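Structure at a glance
Here are the chains, one letter per residue:
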Amino acid sequence: QQPPHCVPPAIRVLPLTCTDTRRGVRPVVHSLGDGTVHVSAARHDATFGFSAVFDAGSSQEAVFEGSGMRQLVELAIEGFSCTVFAFGQTGSGKTYTLMGPLAQSEKQPAAPGLLGLMQRSFSCLLEQSRSRGSDLALSASYLEIYNEQVRDLLSPGPPYALPLRWSKTRGFYVENQLNVDFESLETITELLLQGAEPRRRRTSAHALNRHSSRSHALLTIHVRSRAVSTPGSLIITPRCGFPQAGARPGKQGSLCFVDLAGSERVKETGSSGELSVEANNINRSLLALGHCISLLAKPRGKRTHIPYRDSKLTRLLARSLGGSGITLMVRGEDGWEGGDGGVTGSSPVALPQVACVSPSSRCLSETLSTLHYASRARRVTTKP
């Protein structure tokens, strides 16, 4: 089983910041069209090809439609486990791309044109749900990984650490994680904003970003289609193992948004004390993620052990990265590749990526690192 459409990886080049503009910093990253990004600076001249590239003038709607998010929502409804990564250096616009402006609340919602991939996906999902009547059941969970602790952003009171467990049937999972049912856009938007509040998800200011995320955040929408009665159909029930008439089994899919904390160089951010500890933990977990992706990008015959246990982040993303059931991932322009995974009884997986980069010459090193990272990630394939 393979999905009918592929979800292309996307690169987003954000505009220069006001600070860079005042300082006269010149852009060194340019979109050439046709999915091509060119980096031109002293001792650096490189071109990268991707399936979708959005320049500084691209709207939030253009990113949503062009990055394949609408297809991803449809795949989640069909029972696929879909994960969206937003990654890049600190201050490159990852959270804005996913959520829209930081200055939004229930009383002061963001302008419709500025809404991010999350809110637009929620709207698309609920439209599909309404068109299906009472067929779909939706719920949400929201976690952060802060200093290698997994915390529930939806639990009442201040977030606290939760244990991360492993089982043969479920893989890695968070014990006592809260799942909240929802049926309206207002409810899921309220949950999103509640979890993203500064008193919940950790943010701080440093030299490169006044609102730097100090944790990785994972918001997951669980999509369950109820069993549908179909006269004459047969299913195998787990209790007796014999065919039973009258129902078609439901599907269970998910749509997970991963807002990775930005990589940062302590010398450039001026971080010290607690900020320095946070930066070291962020960089260490991103290094573990990059290492897993580098190994997965190799041909299957040349792969060694994939060290998912090196960080809480890679443990939680092991299923998305390595695949379970059928793992689906864009590989260049060739479409979908299927793969075998290690967790039994789980859904097929679709894994797109949104890489955000700054065009500033001050950020050249981190921008090149992000583009190389994205190039490696799109070569990851798995096989049934």
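Residues numbered from 1 in each chain as written. Predicted model: local features only at pLDDT ≥ 70, side-chain atom pairs only at ≥ 80, totals over all residues. Heavy atoms only, no water.

- As annotated in an unreviewed UniProt entry, the chain is Kinesin-like protein from Piaya cayana.
- Under the UniProt heading Subcellular location (unreviewed entry), the entry covering the chain gives this text: "Cytoplasm, Cytoskeleton".
- For the record of the chain, the UniProt heading Sequence similarities (unreviewed entry) holds the text "Belongs to the TRAFAC class myosin-kinesin ATPase superfamily. Kinesin family." (UniProt positions renumbered as here; feature names shortened; annotations may be inferred.)

1. Focus on the sheet that holds strand 2 (residues 29-33)
- Taken in spatial order, the three strands make up an open sheet running 2-3-4, and their pairing is antiparallel. The strands lining the two open edges of the sheet, one partner per strand, are strand 2 and strand 4 (44-49). Shown here is a sheet whose adjacent strand axes are inclined to one another by a mean of 20°, direction ignored.
- Sheet analysis places strand 3 (residues 36-41) next to strand 4, joined by six bridges and oriented antiparallel. Residue pairing for strand 4: Ser 40 is matched across the bridge by Asp 45. (Pairing = 2+ DSSP bridges. Helix = DSSP H or I, 4+ residues; strand = E, 2+ residues; numbered from the N terminus. Axes fitted to C-alpha atoms, helices over the stretch in contact; angles between N-to-C directions.)

2. Structural notes on the UniProt feature "binding site: ATP" (unreviewed entry) in the chain
- In this numbering, the UniProt entry assigns the feature "binding site: ATP" (unreviewed entry) to Gly 88, Gln 89, Thr 90, Gly 91, Ser 92, Gly 93, Lys 94 and Thr 95.
- Within the secondary structure, Thr 90 sits in the loop between strand 6 (81-87) and helix 4 (94-99).
- By the element assignment, Thr 95 lies in helix 4.
- Under the relative-accessibility criterion, Thr 95 is labelled buried at 16%.
- Here Thr 95 is in contact with Gly 100, Leu 102, Arg 201, Ser 213 and Asp 259, once residues within four sequence places are set aside. (Buried < 20%, exposed > 50% of the residue type's maximum accessible area, 1.4 Å probe, protein only. Contact = heavy atoms within 4.5 Å.)

3. Observations regarding the pattern of salt bridges
- The final tally for this structure, using the stated rule, is seven salt bridges.
- A salt bridge links Arg 70 to Glu 65; the nearest nitrogen and oxygen atoms lie 2.6 Å apart.
- Take Glu 65: its relative accessible area is 38%, and that puts it in the partly exposed class. (Salt bridge = Lys/Arg side-chain N within 4 Å of Asp/Glu carboxyl O.)

4. Section: the pairing of strand 22 (residues 353-357)
- In terms of burial, strand 22 is a largely internal element, five of the five residues being buried.
- Covered by surrounding structure in strand 22 are Gln 353, Ala 355 and Val 357 together with Val 354 and Cys 356, the residues of both alternating faces.
- Bridging between strand 1 (residues 10-13) and strand 22 involves four bridges; their strand directions are parallel. What sits directly across from Ile 11, in strand 22, is Ala 355.

5. Some remarks on the pairing of strand 15 (residues 216-225)
- Among the ten residues of strand 15, eight are classified as buried, and the element is accordingly described as predominantly covered.
- Of the pairings in the sheet, the one linking strand 7 (residues 136-146) to strand 15 comprises ten bridges and is antiparallel in character. The residue bridging Tyr 142 from the neighbouring strand is Leu 219, located in strand 15.
- Examined bridge by bridge, strand 15 and strand 18 (residues 252-259) share eight bridges and lie antiparallel to one another. Within strand 18, the residue paired with His 222 across the bridge is Ser 254.

6. Some points on the packing of helix 3 (residues 69-77) against helix 5 (residues 117-131)
- Two elements in contact, helix 3 and helix 5, have axes separated by 10 Å at closest approach and are oriented at 50°. With respect to helix 5, the element helix 3 is oriented oblique. Remark: the crossing between helix 3 and helix 5 carries right-handed chirality. Of helix 5, the residues touching helix 3 (which contributes Met 69, Arg 70, Val 73, Glu 74 and Ile 77) are Leu 117, Ser 121, Cys 124, Leu 125 and Gln 128. (Parallel < 35°, antiparallel > 145°, perpendicular 65-115°, else oblique. Left-handed = near helix turned anticlockwise from the far one by under 90°.)

7. A short note on the nonpolar core
- Counting 45 residues, the largest nonpolar core has Ile 11, Phe 85, Leu 260, Leu 289, Leu 317, Leu 321 and Leu 371 as its most contacted members.
- Considering every element that reaches this core, the biggest residue donor is helix 8 (residues 274-296), with seven residues.
- Look past the residues within four positions of Leu 317 in its chain and what remains in contact with it is Phe 85, Leu 218, Val 258 and Leu 289.
- In terms of nonpolar packing, the next biggest core, distinct from the first, is built from 43 residues, Ala 52, Val 63, Cys 82 and Val 84 among them. (Core = buried A, V, L, I, M, F, W, Y, C linked by side-chain atoms within 4.5 Å.)

8. Here's the deal with unusual backbone geometry
- Not every positive phi belongs to a glycine, and Glu 148 is a case in point at roughly 65°.
- Relative to the helices and strands, Glu 148 is located in the loop between strand 7 and strand 8 (149-152).
- The exposure class assigned to Glu 148 is partly exposed, which follows from its relative accessible area of 25%.
- One non-glycine residue, Asn 176, lies in the positive phi region at around 65°.

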